[in-house]
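# Overview (structure and organization)
Spelled out from the first residue to the last, the chains are:
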Amino acid sequence: MTQLDSQTHGQLMDAVYCKQRHIYDLTRKYYLLGRDHLIEHLDITDDAVVLEVACGTGRNLISIAQRYPQARLYGIDISSEMLVSARSAIAKNGLSHRIQLAQGDACNLSLKQLFDISAADRVVLSYSLSMIPDWEEALRQAIKVLSRDGQLHVVDFGNQDKLPGIFRSILHSWLARFHVAPRLDLQQQMTGLAQKSDRQLSFQSLYRDYARYGMIA
Ligand SMILES: C[S@@+](CC[C@H](N)C(=O)[O-])C[C@H]1O[C@@H](n2cnc3c(N)ncnc32)[C@H](O)[C@@H]1O
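Quick summary incoming for the structure in this document. (Residues numbered from 1 in each chain as written. Predicted model: local features only at pLDDT ≥ 70, side-chain atom pairs only at ≥ 80, totals over all residues. Heavy atoms only, no water.)

### Concerning helix 9 (residues 186–196)
What counts here: Exposure classes here rest on a 1.4 Å probe applied to the protein chains alone. A residue is buried below 20% of its type maximum, exposed above 50%, and partly exposed in between. Numbering goes from the N terminus for both helices and strands, where a helix is a DSSP run of H or I of at least four residues and a strand is a run of E of at least two. Arc, as used here, means the arc of the directions from the helix axis to the C-beta atoms. Any two residues whose heavy atoms approach within 4.5 Å are treated as being in contact.
Among the residues of helix 9, L186, M190, L193 and A194 are the ones counted as buried. Summarising the axial view, the buried residues of helix 9 lie within an arc of 100°, below the 170-degree limit, and thus occupy one face. Looking at helix 9, the residues exposed on the side facing more than 90 degrees away from the buried face are Q188, Q195 and K196. Those residues of helix 9 that are buried are in contact with helix 7 (135–144), strand 5 (146–157), strand 6 (201–206) and strand 7 (211–216).

Structure (structure tokens):
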């Protein structure tokens, strides 16, 4: 995204979340499924550097910090509104010393500039690609910042075509209100990226394809 696009998209995200952020964690736990599955599969054994791109309210970062006490955590989000909630939740959980946040665009990642670090051992993209217009670029950027043995973990909406039609159409109109578009060719994109970067992809459909989880290592 260009600088101007990035600013406009950030303003859109602020508009979407300025009120929603107050009820985000409470409501999203019922339909952003698969986030805990991703966290369980991060497989962190030491003081790994974990970056969540588009971290929202910090819900995942807090859970990762609690589950993996040695990990060093970083989060970026384009929405300054979401970052207000994230900072406050992280402080409430006594984790401000372990989790650093910065405002940034997933499509233009510079870890050096944002956090003065050179790479991340785990990069997480959780229900964010479906809100990022140039989501293919966000995936490329995520691979770019991975350390040599690093892993990229992605969870997002699937096609939901095995679920009842009425449920699916209500969900899709609800998602459209929030500028969310499921990325149905996620697996193809991740396959291409894994090949280009000489890494391996594992990919799973979860909960009757409500959600999809991909990992590049
Ligand atoms: C549905 S929320 C997901 C938040 C969190 N990852 C989770 O799993 O709960 C999507 C987040 O993506 C952020 N976002 C959208 N486009 C972005 C971009 N280009 N760069 C960084 N963050 C972005 C939004 O501001 C929002 O916080």
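The rest of the description comes next.
### Here we look at a nonpolar patch on the surface
Counted only if it meets this: Like charges within 9 Å and nonpolar side chains (Val, Leu, Ile, Met, Phe, Trp, Tyr) within 5 Å are joined into patches, using only residues over 30% in relative accessible area that form no salt bridge. Here, Shrake-Rupley sampling with a 1.4 Å probe gives the accessible areas, and only protein chains in the shown set may cover a residue. Salt bridge, as used here, is a side-chain nitrogen of Lys or Arg placed within 4 Å of a carboxyl oxygen of Asp or Glu.
A contiguous nonpolar patch, built from I166, F167 and I170 and spanning about 310 Å² of accessible area, is present on the exposed surface. Examined against the element boundaries, F167 turns out to sit in helix 8 (residues 165–177).

### A look at the state of the cysteines
In protein chemistry, a disulfide is the covalent bond that joins the sulfur atoms of two cysteines. Quick reminder of the rule: Disulfides are defined in this document as cysteine sulfur pairs within 2.5 Å.
Counting across every chain of the model gives zero disulfides. Free cysteine C107: the closest other cysteine sulfur is in C55, separated by 15 Å.

### Quick look at the side chain of S147
Along the chain, S147 turns up in strand 5. Ignoring sequence-local partners within four residues, the contact set of S147 consists of A119, A120, D121 and R199.

### A look at helix 8
The condition is simple: One fewer than the residue count of a helix, multiplied by 1.5 Å, yields its expected span.
Between the first and last C-alpha of helix 8 there are 19 Å, a value that for 13 residues agrees with the 18 Å anticipated at 1.5 Å per step. Immediately downstream of helix 8, the backbone of H179 shows phi near 60°, a positive value.

### Some points on the nonpolar core
As a reminder of what qualifies: For this analysis, a nonpolar core means a set of buried residues of the types Ala, Val, Leu, Ile, Met, Phe, Trp, Tyr and Cys, connected via side-chain atoms within 4.5 Å.
Ranked by size, the top nonpolar core spans 44 residues in total, and within it I44, I64, L73, I99, L101, F157 and Y210 carry the most contacts. Contributing elements (two or more residues each) for this core: helix 1 (3–20), helix 3 (35–40), helix 4 (59–67), helix 5 (80–92), strand 3 (99–103), strand 5, helix 8 and strand 7. Ranked by residue count, the leading element in this core is helix 5, at five residues. Formed by 31 residues, the second largest nonpolar core is a distinct cluster that contains L125, L146, L193 and I216.

### Details of the site of the ligand
What counts here: One heavy atom within 4 Å of a molecule or strand makes the whole residue count as near it. Counting of polar contacts relies on pairs of N or O atoms within 3.5 Å, with two restrictions inside protein: one atom must be capable of donating a hydrogen and the other of accepting it, and residues adjacent in sequence are counted only when both atoms are side-chain atoms. When residues are grouped by polarity, Ala, Val, Leu, Ile, Met, Phe, Trp, Tyr, Cys and Pro land in nonpolar, Asp, Glu, Lys and Arg in charged, and all others, Gly among them, in polar.
The full set close to the ligand counts 22 residues, and R35, E52, A54, D77 and S126 are the nearest of them. In the model, a nitrogen atom of the ligand is placed 2.8 Å from a nitrogen or oxygen of the A54 main chain. D77 is positioned with one of its side-chain polar atoms (N or O) 2.6 Å from an oxygen atom of the ligand. A total of 600 Å² of accessible area belongs to the ligand in isolation, and the protein chains cover 98% of it. If you tally residues by element for the shell around the ligand, the top one is helix 1, at three residues. Grouping the constituent residues of the shell around the ligand by class yields 12 nonpolar, six polar and four charged.

### Regarding the sheet that holds strand 7
Here is the rule: Should DSSP find at least two bridges between two strands, the strands are regarded as paired. The axes used here are C-alpha line fits, helices contributing only the stretch in contact, and every angle between their N-to-C directions lies in the interval 0 to 180 degrees.
Pairing in this open sheet of seven strands is mixed, and the strands run 3-2-1-4-5-7-6 from one edge to the other. Edge strands, defined here as strands with exactly one partner in the open sheet, are strand 3 and strand 6. Neighbour-to-neighbour, the strand axes of the sheet open up by a mean angle of 15°, direction not taken into account. The pairing of strand 4 (residues 120–126) with strand 5 spans six bridges and is classified as parallel. By the bridge assignment for strand 5, R122 is matched with Q151. Against the sheet, helix 4 makes contact with strand 1 (49–53), strand 2 (72–77), strand 3 and strand 4, and its axis sits at roughly 175° relative to strand 2, the strand it touches most.

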